[in-house]
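# A closer look at the structure
The residues making up each chain are set out below.
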Amino acid sequence: MTFGDLAWNAGWAKPALTVACLALFWSWESIWPFFAPSRQRLRHGGHNIALAVFNTLVLSLVFGAATVGAAHWAASRHFGLLHQLPLAWPARLLLALLLLDAWLYVWHRLNHHIPLLWRFHRVHHADDAMDVTTATRFHLGELSAAAVLRLGLIPLLGIEVTHLLVHETLVVAATMFHHANISLGRWDAPLRWVIVTPFMHKVHHSHYRPETNSNYSVLFSWWDRLASTFRTRDDYATLKMGLDEFDGDRWQTFLGMLRTPLVNVRPQLPPKATGENGTSDG
Ligand SMILES: [Zn+2]
Ligand SMILES: [Zn+2]
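Residues numbered from 1 in each chain as written. Chains lettered and ligands numbered in written order. Predicted model: local features only at pLDDT ≥ 70, side-chain atom pairs only at ≥ 80, totals over all residues. Heavy atoms only, no water.

### Focus on the overall build of the protein chain
Helix and strand counts for the protein chain stand at 12 helices and zero strands. Mapped from its N terminus to its C terminus, the protein chain presents α and β elements in the order α-α-α-α-α-α-α-α-α-α-α-α. At 19 Å, the protein chain has a C-alpha radius of gyration in line with the 19 Å of a compact globule built from 282 residues. Counting only C-alpha atoms, the protein chain reaches 55 × 40 × 40 Å along its principal axes. A burial count over the protein chain gives 46% of its 282 residues as buried. Put simply, of all contacts in the protein chain between residues at least 6 apart along the chain, 73% involve residues at least 24 apart. Of the roughly 13700 Å² of accessible surface on the protein chain, 69% is carried by carbon and sulfur atoms. Charge centroids of the protein chain, computed over 23 positive and 20 negative side chains, lie 4 Å from each other. (Helix = DSSP H or I, 4+ residues; strand = E, 2+ residues; numbered from the N terminus. Rg over C-alpha atoms; globule rule 2.2 N^0.38 Å. Buried < 20%, exposed > 50% of the residue type's maximum accessible area, 1.4 Å probe, protein only. Contact = heavy atoms within 4.5 Å. Areas by Shrake-Rupley, 256 points an atom, 1.4 Å probe, with all protein chains shown as cover. Lys, Arg positive; Asp, Glu negative; His and termini not counted. Charge placed at Lys NZ, Arg CZ, Asp CG, Glu CD.)

### Thoughts on helix 2 (residues 41-76)
One turn of the α-helix equals 3.6 residues, which is why residues spaced by three or four share an orientation. The sharpest bend along helix 2 reaches about 50° and sits at Ser60. Positive phi appears at His78, one or two residues downstream of helix 2, with a value of about 50°. (Bend = angle between axes of the 7 residues up to and from the residue.)

### Comments concerning the coordination of the zinc ion (ligand 2)
The zinc ion (ligand 2) binds to the protein through His124 (NE2), His179 (NE2), His201 (NE2) and His205 (NE2); the donor distances cover 2.1 Å. Here the zinc ion (ligand 2) binds four donor atoms, and the angle range of 90 to 165° at the metal identifies the geometry as irregular. The sequence pattern formed by the donor residues of the zinc ion (ligand 2) is H-x54-H-x21-H-x3-H. Between the two metal centres, the zinc ion (ligand 2) and the zinc ion (ligand 1), the spacing is 5.7 Å. (Donors = N, O, S within 2.8 Å, 3.2 Å for Na, K, Ca; no water. Tetrahedral: all angles 85-135°; square planar, octahedral: opposite > 155°, others 65-115°.)

### Section: helix 4 (residues 89-113)
Its 25 residues place the ends of helix 4 36 Å apart at the C-alpha level, agreeing with the 36 Å of an ideal helix rising 1.5 Å per residue. Taken residue by residue, helix 4 has Arg92, Leu93, Ala96, Leu97, Leu100, Asp101, Trp103, Tyr105, Trp107, His108, Asn111 and His112 as its buried positions. (Expected span 1.5 Å × (residues − 1).)

### As for unusual backbone geometry
Even without a glycine there, the phi angle at Asn215 is positive, about 50°. Along the chain, the position of Asn215 falls in the loop between helix 10 (209-212) and helix 11 (222-226). Classification of Asn215 as buried rests on a relative accessible area of 1%. In the Ramachandran plot, Ser228 falls in the positive-phi region, its phi being about 60° despite a non-glycine side chain. Along the chain, the position of Ser228 falls in the loop between helix 11 and helix 12 (254-259).

### A few points about the pattern of salt bridges
By the definition in use, this model includes eight salt bridges. The closest approach of N and O atoms between Glu245 and Arg209, which form a salt bridge, is 2.9 Å. Of this pair, Glu245 sits in the loop between helix 11 and helix 12 while Arg209 sits in helix 10, placing them 36 residues apart in sequence. On the accessibility criterion, Glu245 (15% relative accessible area) is buried. (Salt bridge = Lys/Arg side-chain N within 4 Å of Asp/Glu carboxyl O.)

### Looking at the packing of aromatic side chains
For the structure shown, the criterion picks out 11 aromatic pairs. Centroid distance Phe25 to Phe177: 6.0 Å. Interplanar angle 50°. Geometry classified as tilted. With Phe25 in helix 1 (residues 3-31) and Phe177 in helix 7 (residues 161-179), the pair connects residues that are 152 residues apart, well separated along the chain. Residue Phe25 is classed as buried on the basis of its relative accessible area of 7%. Taken together, a centroid distance of 5.7 Å and an interplanar angle of 90° make the contact between Phe54 and Phe254 edge-to-face. With a gap of 200 residues between them, Phe54 in helix 2 and Phe254 in helix 12 connect regions that are remote in the sequence. An aromatic cluster of at least three residues, connected via ring pairs, comprises Phe34, Phe35, Phe199 and Tyr236. The ring of Trp193 carries Arg225 above its face, with NZ or CZ at 3.6 Å from the centroid. (Phe/Tyr/Trp six-rings, centres within 6.5 Å; stacked < 30°, edge-to-face > 60°. Lys NZ or Arg CZ within 6 Å of the ring centre and 35° of its normal.)

### Things to note about the nonpolar core
Of all hydrophobic cores here, the largest spans 15 residues; its most connected members are Ala71, Ile154, Ile159 and Leu164. Those elements that place two or more of their residues in this core are helix 2, helix 4, helix 6 (140-157) and helix 7. Looking at which element gives the most residues to this core, the answer is helix 4, with four residues. When near neighbours in sequence (up to four residues on either side) are disregarded, Ala71 contacts Ile154, Ile159, Glu160, Val161 and Leu164. (Core = buried A, V, L, I, M, F, W, Y, C linked by side-chain atoms within 4.5 Å.)

### So, a nonpolar patch on the surface
The grouping of Val106, Leu110, Ile114 and Leu116 at the surface amounts to a nonpolar patch, some 320 Å² of accessible area in total. Looking at the element boundaries, Val106 is found in helix 4. (Patch = residues over 30% accessible without salt bridge, like charges linked within 9 Å, V, L, I, M, F, W, Y side chains within 5 Å.)

Given below as C-alpha cells:
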C-alpha cells in the first residue's frame, strides 16, 4: 500500500464508520429508548450531524494528510517511544491504543478545567437531549486544537498509521455507543469495569457540575477509576442533561453551536442533584 493509498483510506474510513454506527445506534434508540425521545428528534439530530459534516470536511482538508504524514515520518526514521521498544506488532498496537486512550482522558479533563478550552467543549455539553448524534457534536475549535496536539504526539510516541486507524475505529464505535439514548440494564455495571458505558457517560452529561466534572474516559473506563474521577448515580432516569447557562433552543442549532464559545456567560451555582450518590460502584 502506498503512502497516498494510506492517506486516502485514513480520510474515508472514519466518515464511513460514523455513518454505519449512527444508523445502528439510531435504530436501537428508536426501538428501545432509555429517555422518552424528544418531539424534535430529527431536527436535533440534523443540527448535530450538520456540525459533524462541516467539521469533517474542514479537518480532513487541513489535517488528514498531515496526520498520516507525521506517523509515516516517525516510522521511516524509527523515531518515538514505540519504535524504540523491542515489541512484536500486537503488543505495540495494544500499547499504542492504551497511550492514545490515556491521552484522550488527559485532553478531555483539560477541556473541563482550562476556561478557554471549556468555551469550546461546552458545545458538546450544551446538548439537553443527548442521543447518538451528540457523539458528533464538537466545535471545530476543540477538534482543531486536538488535531494540532496529536501532530506532535504521534512522532513523540512513535504511533503508526495502523494504530491511528484502529484507534479511530474504536473511538467512533465507542462514542456512538456511550452517547446513545439506550440502556444496558444490569449489564451496564459489570461492563463499566472495562469500557465507558451509556450510564457512565450520561453522568458526564449531567447539568449538575460535580457530575459533569467526572467520567472523562473515552474508550477504557479505568482511567477514571485510577484518577478518582469515576462517578455513578442511584437513579439515572431522573438525570437532567445539558448546561443551565445554555438552556434554550437557540443553542441547539448549527449556528448556535458555532456561537457558543464566543459568548460570555456567568456560571451558575451547582443545582441540587436528584438521584446522585457520587460514589464508585462495585
Ligand atoms: Zn466533557
Ligand atoms: Zn459526551
